[in-house]
Amino acid sequence: MSDVVLSVQELQTHFFTRNGVLKAVDGVSFSVRKGRILGLVGESGSGKSVTGYSILRLVDAPGKIVGGRIVLNGTDLAALDGEAMRRMRGAVVSMIFQDPMMTLNPVLRIGTQMVAAIKAHDRVSTALARERARDALALVGIPAPAERLDAYPHHLSGGMRQRVAIAIALLHQPAVIIADEPTTALDVSIQSQILAEVRRLADQMGTAFVWVTHDLAVVSSLADDVAVMYAGRIVESGATEAVLAHPRHPYTAGLMASVPSQAERGARLAQIGGSTPSLGALPEGCAFRPRCPRATEICRMMPPLAPIGDTMVRCHHPIGEARP
Amino acid sequence: MLGFFIQRVFQAVIVVVVMSILVFLGVYAIGNPIDVMIDPAATQQIRDTLIRQYGFDRPLWEQYFVFVGNVLQGDFGQSFVYRVPVLDLIFSRLPATFELALGAMLIASVIGIPLGIWAGYRPRAFSSKAIMALSILGFSLPTFWVGLLLVMTFAVQLHWLPSGGRGPTSDILGIPLSFVTPAGWSYIILPAFNLALFNLGLLIRLARAGTLEAMSSDYVRFARAQGLKESKVVGLHVLKNIAIPIVTVFGLEFGSTLAFAVVTETIFNWPGVGKLIIDSIMVLDRPVMVAYLILVVLLFVIINLVVDLLYGVLDPRIRARRAA
Amino acid sequence: MSTIGDTKVDDIKAETWASRLGDFWRDFAESKVAVVSLLVIAAIIFVAIFAPLLSPQDPYDLARLDLFDSRLRPGTVGSGGYVHVLGTDAAGRDLLSAIFYGLRISLMIGLLAGLLALVIGMTIGLVAAYRGGRVEALIMRVVDLQLSMPAILLALVLTAMLGQGLWQLVTALVVAQYAYFARTIHGSASAERDKDYIEAAIATPLPAHIILLRHLLPNSLPPLIVVATVQVASAIALEATLSFLGLGLPLTQPSLGALIANGFQYLLSGRFWISVYPGIALVITIVSINLVADQVRHVLNPRRGQ
């Protein structure tokens, strides 16, 4: 597959805290092709957001990337020096964040922030930069974009602000955009508008997305591929239809059973028993073992990520196979 | 809005009236000014004449109303010592104090804001801890003690700078100022630095707190994800965010700096209002004390009023921002 | 039966208090600077208490002072036959003794003023928070106006009005400082006031002072401790400044500030020790207290991140 734009290999990001080393991301691998959207799914604390930040190398101390490769268009980002990495950010890989209220600076005009983002990579006049900014706003479907340049963020609605953030991320037409739950804070109707917009941009411009989310409904309507994370590792990955139609890992199945739309009306929603383990005290072997209905003695050993049908699964007892 | 305005102005007027009574009573209690004004060997007859002339034989409340009546006509009386109208005396000393206070604020911001930003930008660095130690010293070292050390080091030991006085001044718009000539500089630099010390500590803390907050914000993370240079992240996003609180405090602290000049002016023999009031207290020059105190009360009441009203004006915008 | 129950509750309370104190100390001791500062403060208090035993000379006994001994350099042997380690001042006082006694006075004034300001400011702030309405508005307006002025100005004017003397000085310091306590306790108490348990307590027929003392006060205590520490240091500094300006205590019993002022005129002629050594003692005292206060503030900060 020659059109792979981003390939993450055995990424490890650890947090060195006073209470020990927390392995937030522990050997994560995936790849994304041009114009495709990968849904990175997990509960909070699963390491999905840290994976996103790691790709841009924006993990705050005491977090640190300790291993693996992040190959973007043939360049290993993990090996770049600080200035070279800065040149990549925004230009080749960019990011949008969860809360559209917080990602734009409240005391700077939209135009000022966009011009700064353009001038970070291109030596252009302010007038020209403003034109490009205006075009970018129009591209993401913002009405009267020229006037919006002089607005402050608090003049805009949440959905509009997230569109502005997407426009900023798109300014330099990056190959990949990492999106960290960008629609979670929005109303459902606005959310679906933005998702449709993102799908269109991915198809039209060929931008690849890594869509970090806890919401399987978003993944099913948006993502081409999906990777499910649990406790710093990928437990299942594959094409979205394949994974969602036949979840193999008990954790994926549990997640799906707890989505309301999947359940019968009036029936009790299924829950996954127990709670997400703290990264400081992971059980040995499969981290899901204490909560898993299918766990046996062998689960005390870490299962490998192995192919089953069209998907990759990290489980000794995947669903669809008889229990021993 | 108008009701709020009228209410606050009314409150301010009441505070000024009450304070003027307190000041009058307090200063009256200090002692008999006649003893200071005339030769102890003077006859009882001369004493009585003078007492009657100044109205000291009248009841206190009557003296107060005569005083208020005069003040309302802009007459604070004559200095017992200098034999000139008190207001003229104070206004002739005011430029020196203003210049000193402005110089101090300038030094405090030019040094304090960059240091504070650095300490907030790299909170764990050794240099930042040293800066914070400096700010604690700025807060806790008594001004007079630092002034003393400055005189000892730069005037007595090194002979670099004069130990006190104002030196040559040049008139600008009829106001005598020191900073125009290099010789004037050599006189103002030590006292201005001395007076700056407290504000220096304050500004370091303010700038550090604001920078810390901004650096951990999503909009700085987003700006970095766009590939902005660190200098731009700090120079645009952080600076703009700490500007508002700093400007506010700057305005608030200017009054305090004027008043605090009392100590510095005494040490450096700086011919400002502060030196005047200390000298007047020593010789019980009652009219000067009363006028100075009432002017100070007026100054602070006005500062408080302006701040109150500004908050009143800003409030709807802040509310709108929260509601949005 | 109930006694057994109560004892148990008290035991648990005592245990949590002890463990809380232990936690506090562990967090506090994280800063070596703060621990050293605490030791320095302990040493200063020791010196202040036992000044008469530690000093080579009684600096207040004017009859024993010899003008031949005036302005001796540090390390000179005076007519008393002993070494003046830190030299002597213009009146022939042994500076080391004068500093020990001066520390005593400065510390006493600082603690006295700080404590009185605490009690008065606390009462005013609590009453304002509890009464609310016009009383609160009036009190807090005065407090805010006062806080916007530098304390030194107020203290200066008050000492000028009240005249010289220990109690006049303490009064001036208390009036200049109570507002900090009032503001602090008013802030935390009025935040507590709006919580449900206080409203529940007010709904019961408990007398007002019980509600204030049992419920509002304990929860407002941590920030008050910090302010009190800082204010003791600032009272010491204020007193020194006033004495330096000639408005403090009479010179027969010099505080550190008066000693510094005393030596100021000799500074320009190079006799630095008369001013500088008392100044160093003053600065060490103030900075140590502030460093301890800073760490206490850091430890008590509820938003303290990991």
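On a predicted model such as this, the values are computed, not experimentally measured, just so you know.

So, the overall build of chain C
Move 1: Helices and strands together make up the secondary structure of chain C, namely eleven helices and two strands.
Move 2: Starting at the N terminus and ending at the C terminus, chain C contains elements arranged as α-α-α-β-β-α-α-α-α-α-α-α-α.
Move 3: Of all 306 residues assigned to chain C, the portion counted as buried reaches 45%.
Move 4: Counting only contacts in chain C whose residues sit at least 6 apart along the sequence, the fraction spanning at least 24 positions is 67%.

With respect to the overall build of chain A
Move 1: When you go through chain A residue by residue, the secondary structure sums to eleven helices and twelve strands.
Move 2: Taking 324 residues into account, the globule formula puts the C-alpha radius of gyration at 20 Å, and chain A, at 21 Å, falls close to it.
Move 3: Expressed along its principal axes, the backbone C-alpha trace of chain A runs to roughly 70 × 50 × 40 Å.
Move 4: The proportion of buried residues among the 324 residues of chain A is 45%.

Here we look at the pairing of strand 1 (residues 4–17) of chain A
All names here are of chain A.
Move 1: Pairing between strand 1 and strand 2 (residues 20–33): eleven bridges, direction antiparallel. For V8, the partnering residue across the bridge sits in strand 2 and is F30.
Move 2: Connecting strand 1 to the antiparallel partner strand 2 that follows it, the hairpin turn spans two residues.
Move 3: As paired elements, strand 1 and strand 4 (residues 63–72) share eight bridges and run antiparallel to each other. Across the sheet, the residue bridging to V8 is I70, located in strand 4.

Some thoughts on the UniProt feature "domain: ABC transporter" (unreviewed entry) in chain A
Move 1: UniProt records the feature "domain: ABC transporter" (unreviewed entry) for residues 6–256 of chain A in the present numbering.
Move 2: The annotated region residues 6–256 of chain A carries 39% helix and 28% strand content, and the separation between its end C-alpha atoms amounts to 28 Å.

A closer look at helix 7 (residues 158–170) of chain A
All names here are of chain A.
Move 1: When the terminal C-alpha atoms of helix 7 are compared, their 18 Å separation across 13 residues agrees well with the 18 Å that a helix rising 1.5 Å per residue should span.
Move 2: Of all 13 residues in helix 7, ten are buried; the element is thus mostly enclosed.
Move 3: Elements that come into contact with the buried residues of helix 7 comprise strand 6 (93–96), helix 3 (100–103), helix 4 (110–119), helix 5 (126–139), strand 7 (176–180) and helix 8 (188–205).

Concerning the UniProt feature "transmembrane region" (unreviewed entry) in chain C
Residue and element names in this part refer to chain C.
Move 1: Those places that UniProt annotates as "transmembrane region" (unreviewed entry) correspond, in this numbering, to residues 33–54, 105–130, 151–180 and 272–293.
Move 2: Note that residues 105–130 is 100% helix and 0% strand, and that its end C-alpha atoms are spaced 37 Å apart.
Move 3: Strand forms 0% of residues 151–180 and helix 90%; the C-alpha atoms that close the span are 10 Å apart.

Points about helix 8 (residues 182–215) of chain B
Move 1: With 34 residues, helix 8 of chain B should cover 50 Å at 1.5 Å per step; its first-to-last C-alpha distance of 41 Å lies more than 12% under that length.
Move 2: Its maximal kink placed at L197 of chain B, helix 8 of chain B deviates by approximately 45°.

Concerning the interface of chain C and chain B
Move 1: Counting from both sides, the interface comprises 34 residues of chain C and, opposite them, 35 residues of chain B.
Move 2: Contributions of two or more residues to the side of chain C that touches chain B are made by helix 5 (133–148), helix 6 (151–162), helix 9 (208–244), helix 10 (256–267) and helix 11 (273–300) of chain C.
Move 3: Of all the elements, helix 11 of chain C adds the most residues to the side of chain C that touches chain B, at nine residues.
Move 4: Here the residues of the side of chain C that touches chain B are counted per class, giving 24 nonpolar, seven polar and three charged.

Re the domain arrangement of chain A
All names here are of chain A.
Move 1: Structurally, chain A comprises domain 1 (4–92 + 173–313) and domain 2 (109–171).
Move 2: Placing the centre of domain 1 and that of domain 2 at their C-alpha centroids yields a distance of 29 Å.
Move 3: Contacts between domain 1 and domain 2 engage twelve residues on the former and eleven residues on the latter.
Move 4: The element contributing the most residues to the side of domain 1 that touches domain 2 is helix 8, with five residues.
Move 5: Split by residue class, the side of domain 1 that touches domain 2 holds eight nonpolar, three polar and one charged.

Concerning the interface of chain B and chain A
Move 1: Contacts between the two partners involve 18 residues from chain B and, on the opposite side, 23 residues from chain A.
Move 2: The greatest single-element share of the side of chain B that touches chain A, amounting to six residues, is contributed by helix 9 (residues 218–225) of chain B.
Move 3: For the side of chain B that touches chain A, the per-class residue count stands at six nonpolar, five polar and seven charged.

Quick look at unusual backbone geometry
Residues and elements named next belong to chain A.
Move 1: Residues other than glycine seldom take positive phi values, yet R57 does so here, at roughly 55°.
Move 2: Positionally, R57 belongs in the loop between helix 1 (48–55) and strand 4.
Move 3: You will see that N73, though not glycine, has its phi angle at about 50°, which is positive.
Move 4: Mapped onto the elements, N73 comes out in the loop between strand 4 and strand 5 (75–76).

Considering the sheet that holds strand 8 (residues 208–213) of chain A
The strands making up a sheet associate through backbone hydrogen bonding, with each pair oriented either parallel or antiparallel.
All names here are of chain A.
Move 1: With mixed pairing, eight strands are arranged side by side in an open sheet as 6-7-8-3-9-10-12-11. The sheet terminates laterally at strand 6 and strand 11 (306–308), the two strands that pair on one side only. Taken over all neighbouring pairs, the strand axes of this sheet differ in orientation by 20° on average, direction set aside.
Move 2: Two strands pair when backbone bridges link them, and strand 6 and strand 7 are joined in this way by four bridges, in the parallel orientation. Residue M95 lies in a different strand from strand 7, and its bridge partner there is I178.

Some thoughts on the environment of V23 of chain B
All names here are of chain B.
Move 1: Its location among the elements puts V23 in helix 1 (residues 2–30).
Move 2: Spatially, the C-alpha atoms of V23 and S163 are 34 Å apart, while their sequence positions differ by 140 residues.
Move 3: Ignoring any residue separated from it by four or fewer positions in sequence, one finds V23 in contact with V290, L293 and I294.

Description of the sheet that holds strand 5 of chain A
Move 1: Spatially, the four strands line up as an open sheet ordered 2-1-4-5 (chain A), and their pairing is antiparallel. The strands lining the two open edges of the sheet, one partner per strand, are strand 2 and strand 5 of chain A.

Comments concerning the environment of I319 of chain A
All names here are of chain A.
Move 1: Inspection of the secondary structure puts I319 in the segment after strand 12 (311–313).
Move 2: Spatially, the C-alpha atom of I319 lies 4.7 Å from that of R248, the residues being 71 residues apart in sequence.
Move 3: With residues up to four places along the chain from it excluded, the contact list for I319 reads P247, R248, P250 and A253.

Focus: the confidence of the model for chain C
Residue and element names in this part refer to chain C.
Move 1: With 77% of its residues at a pLDDT of 70 or more, chain C shows a mean pLDDT of 78.
Move 2: Below pLDDT 50 for its whole length, residues 1–9 participates in zero contacts with residues either more than four positions away or in separate chains.
Move 3: The ipTM assigned to the predicted complex is 0.85, against a pTM of 0.78.

Quick notes on the pairing of strand 7 of chain A
Residue and element names in this part refer to chain A.
Move 1: Burial of strand 7 is extensive: five of the five residues sit out of reach of the surface.
Move 2: Alternating residues of strand 7 divide into V176, I178 and D180 and I177 and A179, and every residue in both groups is buried.
Move 3: Alignment of strand 7 against strand 8, held across five bridges, turns out to be parallel. Across the sheet, D180 pairs through a bridge with V212, a residue of strand 8.
Move 4: What joins strand 7 to strand 8 is helix 8, and the crossover it makes is right-handed.

Cut-offs and rules
Note on numbering: residues in each chain are counted from 1, in written sequence order. Numbering of ligands from 1 and lettering of chains from A proceed in the order in which they are written. Side-chain atom pairs in this predicted model are given and counted only at pLDDT of 80 or more, local residue features only at pLDDT of at least 70, and totals for whole chains, interfaces and linings cover all residues. Put simply, DSSP marks the helices as runs of H or I at least four residues long and the strands as runs of E at least two long, and each gets a number from the N terminus on. For every residue, the other C-beta atoms within 10 Å of its own C-beta are counted; 20 or more classify it as buried, 12 or fewer as exposed, and values in between as partly exposed. C-beta atoms are placed from the backbone. Two residues form a contact once the distance between their C-beta atoms, set from the backbone, is within 7 Å. Restricting the calculation to C-alpha atoms gives the radius of gyration, and the globule rule supplies 2.2 Å times the number of residues raised to the power 0.38. Here a strand pair is declared whenever DSSP counts at least two bridges between the two strands. UniProt positions are given in the numbering used here, feature names are shortened, and annotations may be inferred rather than shown by experiment. A helix is expected to span 1.5 Å multiplied by its residue count minus one. The quantity called bend is, for any residue, the angle between two axes fitted respectively to the seven residues ending at it and the seven beginning at it. Under this grouping Gly is polar, as are all residues other than the nonpolar Ala, Val, Leu, Ile, Met, Phe, Trp, Tyr, Cys and Pro and the charged Asp, Glu, Lys and Arg. In this entry, domain limits derive from an automatic or database-based domain assignment. Axis definition: a line fitted to C-alpha atoms, over the contacting stretch in the case of helices. Angles run 0 to 180 degrees between N-to-C directions. Within a predicted model, pLDDT stands for the predictor's per-residue confidence, ranging from 0 to 100. For a crossover, the right-handed case is the one in which the path from the first strand over the helix to the second runs clockwise, viewed with the strands pointing away from the viewer.

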